[in-house]
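# Architecture at a glance
The residues making up each chain are set out below.
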Amino acid sequence: MIVTVPILTSATSVEEVSEALLNVSLYPNPSDGVVTVSGVTKGSQLKIIDILGQELRTFTLQNKEVELTLGDMPNGVYFCTVILPNGEALPAKKLVLKH
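### A word on the overall build of the protein
- A count of helices and strands for the protein gives one helix and seven strands.
- Helices and strands appear in the protein in the N-to-C order α-β-β-β-β-β-β-β.
- The proportion of buried residues among the 99 residues of the protein is 34%.
- A separation of at least 24 residues holds for 57% of the contacts in the protein among residues at least 6 apart in sequence.

### Considering the environment of Leu46
- Relative to the assigned elements, Leu46 resides in strand 3 (residues 45-50).
- On a C-alpha basis, the gap between Leu46 and Ile83 in space is 6.3 Å, while along the polypeptide they are 37 residues apart.
- Setting aside its immediate chain neighbours within four residues, Leu46 contacts Val37, Arg57, Thr58, Phe59, Leu61, Leu68, Cys80, Thr81 and Val82.

### Observations regarding the nonpolar core
- Counting residues in hydrophobic clusters, the biggest one holds 19 residues, and the most contacted among them are Val37, Leu46, Leu70, Val82 and Leu95.
- If you list the elements that add at least two residues to this core, you get strand 2 (34-38), strand 3, strand 5 (65-69), strand 6 (76-83) and strand 7 (93-97).
- A total of three residues in this core trace back to one element, the largest contributor, which is strand 6.

Conventions adopted
Residues numbered from 1 in each chain as written. Predicted model: local features only at pLDDT ≥ 70, side-chain atom pairs only at ≥ 80, totals over all residues. Heavy atoms only, no water. Helix = DSSP H or I, 4+ residues; strand = E, 2+ residues; numbered from the N terminus. Buried < 20%, exposed > 50% of the residue type's maximum accessible area, 1.4 Å probe, protein only. Contact = heavy atoms within 4.5 Å. Core = buried A, V, L, I, M, F, W, Y, C linked by side-chain atoms within 4.5 Å.

In short, the description is geometric, and any link to function would need to be established separately.
Following this line, the structure appears as structure tokens:
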């Protein structure tokens, strides 16, 4: 089975997306369920997508660094996509949950 996960939409410039991507960190990875997301633009959204391409969670990030509790999600591999306030999606980052 091939799953296509959208990782980028209508970017206005490569530099803008590259700069935003360089700043985003997701740690610790693998995680026991508590994940820190840092370097995001205030007002961005974080979408957590499973390996089947289903969107499981969406968070609106109100600070440049946010701690998310994902302990109720099963162990596995997920993709995290940050959607900037202007609607652009950064390339997905892989997140491994291991409780």
